[in-house]
Structure formats: C-alpha cells, structure tokens
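So the chains spell out like this:
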Amino acid sequence: MSFVQHPVTVQAPATSANLGPGFDALGLALTLHDTVTAEVEGDGLSIEVRGEGADEVPRDASHLLYRAMSAAFDLLGETPAGLRLTCENVIPHGRGLGSSAAAISAGIVLARALVDGGDDRLDDRAVLQLATDLEGHPDNVAAALSGGLAIAWIDGAAAEAVRLDVDADVTVFVPPQAVATETARGLLPAEVAHADAAFNAGRAALLIAALRDEPARLISATEDRLHQSFRAEAMPASYKLLRQLRVEGVPAVISGAGPSVLAFAHGITDAAPSGWSVHELGVAKLGTRIVA
Ligand SMILES: Nc1ncnc2c1ncn2[C@@H]1O[C@H](COP(=O)(O)OP(=O)(O)O)[C@@H](O)[C@H]1O
Ligand SMILES: N[C@@H](CCOP(=O)(O)O)C(=O)O
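Residues numbered from 1 in each chain as written. Chains lettered and ligands numbered in written order. Predicted model: local features only at pLDDT ≥ 70, side-chain atom pairs only at ≥ 80, totals over all residues.

### A closer look at the sheet that holds strand β8 (residues 252-254)
Strand pairing in a sheet relies on backbone hydrogen bonds. The paired strands run either parallel or antiparallel.
Then, number 1: What the four strands build is an open sheet, ordered β8-β9-β7-β10; its pairing is antiparallel. Looking along the sheet, the strands with just one partner apiece sit at the ends: β8 and β10 (277-281). The mean inter-strand angle of the sheet, taken between neighbouring strand axes irrespective of direction, is 20 degrees.
Then, number 2: Here strand β7 (residues 170-174) pairs with β10 via five bridges, running antiparallel. Among the inter-strand pairings, Val 172 is bridged to a residue of β10, identified as His 279.
Then, number 3: Of the strands in this sheet, β7, β8 and β9 (261-263) are in contact with helix α10 (residues 236-247), which crosses β8 at around 165 degrees. (Pairing = 2+ DSSP bridges. Helix = DSSP H or I, 4+ residues; strand = E, 2+ residues; numbered from the N terminus. Axes fitted to C-alpha atoms, helices over the stretch in contact; angles between N-to-C directions. Contact = placed C-beta atoms within 7 Å.)

Following this line, the structure appears as structure tokens:
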C-alpha cells in the first residue's frame, strides 16, 4: 500500500483565458475557487458534488476530475482500488471561467498528493503537460496551476508557461446560458490575415505592460481581432455587453471562449443584463494548492 491514509483537500482557482488579444497564450487566475477533497478508501469510486454543475456532471469514471486523477495515477504508476471524492463547486460551468481547467488541475494535484512520494515522481512540468494534454490548450491550466498571470505556449508538443505577478480589479458578468468551449473553438477560422495576427501580437505584448504598470493602456491593450468577433454569433448578448462597456471606456473582453464578459474595473455591477450574475473579483496569487 503506497497511498496516504488521510483525506487531502485542494482548492483550484477560476481562470480567464485570452484577456482579449492573448488567444491560447494568456490566463489570469481569479479569486473564485472550487474545493475538492479526496480520500483513498474501500473499493470503487464514490463522487459527491455540491454547487455548480451538481445536476449535470456524471458520478462515474467519466467525471472530468476523476479522469484527470486517473491519468495522473497512470503516470505515477499507482491506482488506488477505491476513491471517495467530495466536490464543492463555485466556478460556473461552460461560461469561459475555466471550470474544466480547475477540475483537471485539482484532479492531478490531488492524485500526486495521494501517492506516497508523488511530488518526486510527477514534477510541476509533468503536471502542466498532463493538464494541457487533457484540456487541449495551455492558457487556463497554466494559470490555474500557478496563480497570477500565466503566459503559456506550446514548444513542439511541450507545454511551457511563465508566471507573472499582477494585481487587477476584475468584474465578471456571467450569463445564464452556457456555451461549450468546444463549440466556441469550432467557430474560429482556420487562417487569419497577417495584419490581424500582427495587430494581436502588439496588443498582447502591450497588455503585459498595461497589467504590470500602465493601467491607462488597458483599453487599447485588450483589443482583439483573432477570436471574439467570430464567436459573437454564439453569444450575441455577451458581445453586445462587451461593445457597450468598451464604448464607455471600460477595458472589457470575452472571458476565455465565452460567454462571460470580463472587465478590468470594479463598481460597474449595474451594467449586468437582467438574469446574469456578476462577481467583483481580484487576481488569485496562488494556484491549485493543498489546503488540508
Ligand atoms: N468541477 C467539475 N467536475 C466535473 N466536470 C466538470 C467540472 N468542471 C467542468 N467540468 C466539465 O467541463 C465542462 C465545461 O468545460 P468547458 O466547456 O471547457 O467550459 P469552461 O471550462 O469554460 O467552464 C462541463 O460541462 C463539465 O462537463
Ligand atoms: N484559449 C481558449 C480558452 C478557453 O477557455 P474556457 O474557460 O472558455 O474553457 C479559447 O479561447 O478557446
């Protein structure tokens, strides 16, 4: 038996990817967290879910968090006979706030913590690689794992990321209907114009400077030509709110693949359309971590 014999609890932050120009490259960890407790126990799998997604997510081995744990156990070379999971979900699903990245990150970090000597057998690079392979793009998982602002990229097949410390006031506007990330990715063109790629490269570089010390540049730095307009048809109300906020001078973007809207400001909750929820948040300094 080489598993720890007590429950382990982790917290994983919500993340907002892209931030406008940084498609598949930038992710920001937010102060909204899912909490998961796992314990090696008995035989078989038991999953209890409270909060977001409780009425929808499966309770068997197809549950995303368990799939991430299972993939990590494979890499660690140890799979327990029985596992009990308790999920307290706060991050809304399918809204562009990185719920899947949080589930994947929590699952991998939990599996590593449950295996004796797991930290030595699965280092942080391997965790990022596995999380990226499961999520399909590196931006959310990089930020969910590291906290702060993540700049993520793929080198060959290898997932890489750098973490930067930033502070920002953030408001997220969350519509009642989900749009699956897979659906939103399917709306993107296979090719883009050179001028649009150059436009986004400049804005993404400026965004790093703006977030670190030049907040007055945020309105220019959050412009995008590579993904938001192509996705508007799947989230017209989000796109309308985005345009409205930007006309008023508020740096606003579609969060991740949408349909939530993220603005770099506080004190604007009145802008939320009827039926939407709204959260005033900050940047989560810490990534997915063991809390008990
Ligand atoms: N905590 C979770 N537990 C189980 N499955 C989850 C969890 N979070 C997300 N998922 C799965 O991921 C899907 C949402 O992922 P996705 O479409 O990428 O949206 P986002 O990551 O922006 O919320 C959910 O519909 C669900 O299938
Ligand atoms: N870069 C990805 C980000 C998806 O984030 P999510 O939170 O919506 O899953 C994309 O734009 O597709």
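### Some remarks on the packing of helix α4 (residues 124-135) against helix α5 (residues 139-146)
Then, number 1: Following both chains from N to C, one finds α4 and α5 inclined at 140 degrees, their axes separated by 9 Å at the closest point. Considering their axes alone, α4 and α5 lie oblique with respect to each other. Seen from above, α4 lies across α5 with right-handed handedness. Contact residues: Val 127, Leu 128, Ala 131, Thr 132 and Glu 135 in α4; Asn 140, Val 141, Ala 142 and Leu 145 in α5. (Parallel < 35°, antiparallel > 145°, perpendicular 65-115°, else oblique. Left-handed = near helix turned anticlockwise from the far one by under 90°.)

### Here's the deal with the environment of Arg 84
Then, number 1: Its place among the elements puts Arg 84 in strand β4 (residues 82-89).
Then, number 2: Overall, Arg 84 belongs to the partly exposed group, with 16 C-beta atoms counted inside 10 Å.
Then, number 3: In sequence terms Arg 84 and Ala 257 are 173 residues apart; their C-alpha atoms lie 32 Å from each other.
Then, number 4: Setting aside chain neighbours within four positions, we find Arg 84 in contact with Glu 39, Glu 41 and Ser 46. (Buried ≥ 20, exposed ≤ 12 C-beta atoms within 10 Å, placed from the backbone.)

### Looking at the UniProt feature "binding site: ATP" (unreviewed entry) in the protein chain
Then, number 1: Mapped onto this numbering, the UniProt entry gives "binding site: ATP" (unreviewed entry) at Pro 92, His 93, Gly 94, Arg 95, Gly 96, Leu 97, Gly 98, Ser 99, Ser 100, Ala 101 and Ala 102.
Then, number 2: Note that Gly 96 resides in the loop between β4 and α2 (99-114).
Then, number 3: For Gly 96, a count of 32 C-beta atoms within 10 Å puts it in the buried group.
Then, number 4: Residues within four places of Gly 96 in sequence aside, it is in contact with Ile 254, Ser 255, Gly 256, Ala 257, Gly 258, Pro 259 and Ser 260.
Then, number 5: Tracing the chain through its elements places Ser 100 in helix α2.
Then, number 6: By the C-beta count within 10 Å, which is 23 here, Ser 100 ends up buried.
Then, number 7: For Ser 100, the contacting residues outside a window of four places in its chain are Leu 64 and Glu 135. (UniProt positions renumbered as here; feature names shortened; annotations may be inferred.)

### Quick notes on the environment of Lys 285
Then, number 1: By secondary structure assignment, the location of Lys 285 is in the loop between β10 and β11 (289-290).
Then, number 2: Through-space distance from the C-alpha of Lys 285 to that of Pro 13 is 9.6 Å; in sequence the pair is 272 residues apart.
Then, number 3: The contacts of Lys 285, once residues within four sequence positions are left out, are Gly 147 and Gly 148.

### Re the site of ligand 2
Then, number 1: In the vicinity of ligand 2 there are 17 residues, among which Ala 17, Gly 96, Thr 181, Gly 256 and Ala 257 approach most closely.
Then, number 2: Of all elements in the fold, only β1 (8-18), β2 (22-40), α5 and α6 (181-185) reach the threshold of two or more residues within the shell around ligand 2.
Then, number 3: The greatest single-element share of the shell around ligand 2, amounting to three residues, is contributed by α6.
Then, number 4: A breakdown of the residues in the shell around ligand 2 according to their chemical character gives five nonpolar, nine polar and three charged.
Then, number 5: Lining the shell around ligand 2 are residues from two domains, each supplying at least three of them: domain 1 (8-165 + 284-290) and domain 2 (170-281). (Near = placed C-beta within 6 Å. Nonpolar A, V, L, I, M, F, W, Y, C, P; charged D, E, K, R; others polar. Domains from an automatic or database assignment.)

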